[in-house]
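The chain contents come next:
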Amino acid sequence: MADILDDDSTVIQRILDHIDNNTTDVLDEIWREPVANYTLPERYQDELTKVMRRTATPFCPSAAIPEPGCYVARDAAQTPLVAVRGQDGVARVFFNACRHRGAKIVADGVGRRGTFTCRYHAWTYGLDGQLRGLPHEYGFPCLDKGDHGLVPVKTTERNGLVYVTQHGDAEPDPAIPDFFGPEWRLIDVTGDVINANWKVVIEGILEGYHIRSTHAETFYPRQFDNLTLIQPFGRNTRMTFPYRNIERFRNVPAAERRVSGVLSHVYHLFPNTAVSTFPTHQSLTIFEPLAIDRTLMVGYQLCDRKEGSEEFKAVQAGRDFVLAGVKEDGEVQASIQSGLKTPANDVLTFGLFEGGIMRFHKHVAAALSELD
Ligand code: FES
Ligand SMILES: [Fe+2]
């Protein structure tokens, strides 16, 4: 049975209790992760091929491709893909590789097209992936055009997210909540490169133990240090980071307590995605490995407010605030990656309140061992 996530009033009461008792959520064991799991090339390749490409992972929000012809092209698990909405309204994802000699049929980015024409020799594909035409066709007398369309990737669009499964037939985890209804619009796409292994970067969202020391002037003035809720759902974990203004609910009846504006939920979607909630907006972040020691954080920022309004300005300010904290995390994570090259640690040790990280590593190991 799917795990049920706590409702707003339960979440707020649990946080107020932690404040009163000076406690935080803990899981039941410490975890030791071998440093080799961040540095061995074979392990890294297995994580790409056996974990990421075999899981249904969010590729982009539906709001990134709202109309027919809208596309998003980028690498996922080091494989070039393009997601496009067809004339029939269906979201499809293809390998971004021309069926002539393999060039990308569209450069990475976001845009809108009626067809895709490969830059190299101008083979042209429809939004449904079919090969429509090619210049000087007499040079390919036996070519079956019907057999030379773009190669599709298993695609599932559900609850405002477009998922891809590159290998196998895995479906999106039914435990994943409905984050983005039709009112959510894309306001920005960010791309930040961090010089650290993808798992080091993800560890940064799975604990609140570093809020005071790393985010002294950004998050800490508004948030608590080491006060998080850890809630598993499927292979995923919801981390909850309360704000100090949650105190205002002390005298509010439980049924009237709402989490909006008093905390951030960060939903880690196994293996390499997160949805984060903020007072002004929500974001979908995809942690894309570029190399064993480099990670691109692709950030889709979405809001449900009207552009040009005062509220929308608050969205932009809120997004800038969050990105300042992300920069601080990136600096620390790059320093961890340097530290992994030293003989200082054979294992990294995670404490009881870093249990979200333990779950993550256990599920990576389990996914790898299933295929051994
Ligand atoms: S490689 Fe695309 S048309 Fe030749
Ligand atoms: Fe952080």
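All values reported here derive from a predicted model rather than from experimental measurement.

Just give me the short version of the overall build of the protein chain, but keep the residues and values in it.
Each helix and strand counted, the protein chain has seven helices and 19 strands in total. What you see for the protein chain is a C-alpha radius of gyration of 22 Å, in line with the 21 Å of a compact globule of 372 residues. Dimensions of the protein chain, computed from the C-alpha atoms along their principal axes, are close to 80 × 55 × 40 Å. Across the 372 residues of the protein chain, 50% fall into the buried class. Taking the intrachain contacts of the protein chain between residues at least 6 apart in sequence as the baseline, contacts between residues at least 24 apart amount to 63%. Put simply, the protein chain shows about 16,900 Å² of open surface, and 51% of that area lies on carbon and sulfur atoms. Between the averaged position of the 39 positive side-chain charges in the protein chain and that of its 49 negative side-chain charges there is a distance of 4 Å.

Requested: an account of the coordination of the iron ion (ligand 2), with residues and values cited.
The protein atoms donating to the iron ion (ligand 2) are His210 (NE2), His215 (NE2), Asp329 (OD) and Asp329 (OD), with metal-donor distances spanning 2.1 to 2.4 Å. Spacing between the donor residues of the iron ion (ligand 2) along their common chain follows H-x4-H-x113-D. Linking His215 in the loop between helix H5 (211–214) and strand E13 (229–233) with Asp329 in helix H6 (residues 310–339), this pair joins segments that are 114 residues apart in sequence. Since its relative accessible area comes to 1%, His215 is described here as buried. Residue classification places Asp329 among the buried positions, given a relative accessible area of 15%.

Go over empty space enclosed by the protein, please, and point to the residues and values.
Inspection of every chain in the model, using the stated rule, returns one cavity of 30 Å³ or more. Computed from the structure, the largest cavity encloses a volume of approximately 60 Å³. Lining the largest cavity are Met52, Thr57, Pro58, Phe59, Arg74, Ala76, Ala77, Val164, Gln166, Asn272, Ile286 and Glu288. When contributions to the lining of the largest cavity are tallied by element, the ones reaching two or more residues are strand E2 (57–61), strand E3 (70–76) and strand E17 (282–291). At three residues, E2 tops the list of elements feeding residues into the lining of the largest cavity. Here the lining of the largest cavity is built from residues that sort into seven nonpolar, three polar and two charged. Summarising the domain contributions, the lining of the largest cavity has at least three residues from each of domain 1 (8–54 + 182–370) and domain 2 (57–165).

Account for helix H7 (residues 355–370), with residues named and values stated.
The first and last C-alpha atoms of H7 sit 22 Å apart over 16 residues, in line with the 22 Å expected at 1.5 Å per residue. All buried positions along H7 are accounted for by Gly355, Gly356, Ile357, Met358, Arg359, Phe360, His361, Val364, Ala367 and Leu368.

How would you summarise the layout of surface pockets if you had to cite specific residues and measurements?
Looking at the largest pocket, its volume works out to about 740 Å³. Every residue lining the largest pocket is counted, 40 residues in all, and those nearest its centre are Phe219, Ser276, Phe278, Val322 and Val326. Of all the secondary structure elements, the ones that give two or more residues to the lining of the largest pocket are strand E12 (185–194), strand E15 (263–269), strand E16 (273–277), E17, strand E18 (294–303) and H6. Among the elements that take part in the lining of the largest pocket, H6 stands out by supplying 10 residues, more than any other. Classifying every residue of the lining of the largest pocket by side-chain character gives 19 nonpolar, 16 polar and five charged. In this model, the second largest pocket occupies a volume close to 360 Å³. Together, 18 residues line the second largest pocket, and Glu203, Glu207, Val332, Ile336 and Phe350 are the ones closest to its centre.

Provide a residue-level description of the packing of aromatic side chains, including the pertinent values.
Summed over all chains, the structure comprises nine aromatic pairs. Ring geometry for Tyr71 and Phe116: centres 5.6 Å apart, planes at 80°, overall edge-to-face. Of this pair, Tyr71 sits in strand E3 while Phe116 is found in strand E7 (residues 116–117), placing the two residues 45 residues apart along the sequence. The pair Tyr71 / Phe116 is uniform in exposure class, with both members buried. Ring plane angle 85° and centroid distance 5.4 Å describe the contact between Trp123 and Phe140, whose orientation is recorded as edge-to-face. Pair noted here: Trp123 is in the loop between E7 and strand E8 (124–125) and Phe140 is in the loop between strand E9 (131–133) and strand E10 (152–158), with a separation of 17 residues, a long-range link. Judged by relative accessible area, which is 3%, Trp123 ranks as buried. An aromatic cluster of three or more residues is present, and its members are Phe179, Phe180, Trp184, Phe233 and Tyr267. When the ring centre of Tyr38 is taken as origin, the NZ or CZ atom of Lys199, which lies over that ring, is 5.1 Å away.

What counts and what doesn't
Residues numbered from 1 in each chain as written. Chains lettered and ligands numbered in written order. Predicted model: local features only at pLDDT ≥ 70, side-chain atom pairs only at ≥ 80, totals over all residues. Heavy atoms only, no water. Helix = DSSP H or I, 4+ residues; strand = E, 2+ residues; numbered from the N terminus. Rg over C-alpha atoms; globule rule 2.2 N^0.38 Å. Buried < 20%, exposed > 50% of the residue type's maximum accessible area, 1.4 Å probe, protein only. Contact = heavy atoms within 4.5 Å. Areas by Shrake-Rupley, 256 points an atom, 1.4 Å probe, with all protein chains shown as cover. Lys, Arg positive; Asp, Glu negative; His and termini not counted. Charge placed at Lys NZ, Arg CZ, Asp CG, Glu CD. Donors = N, O, S within 2.8 Å, 3.2 Å for Na, K, Ca; no water. 1 Å grid on protein atoms, 1.4 Å probe; cavity = no way out; pocket = protein on both sides within 12 Å on 5 of 7 lines; lining within 4 Å. Points joined across faces, edges and corners; volume = space filled by probe spheres on them. Nonpolar A, V, L, I, M, F, W, Y, C, P; charged D, E, K, R; others polar. Domains from an automatic or database assignment. Expected span 1.5 Å × (residues − 1). Phe/Tyr/Trp six-rings, centres within 6.5 Å; stacked < 30°, edge-to-face > 60°. Lys NZ or Arg CZ within 6 Å of the ring centre and 35° of its normal.

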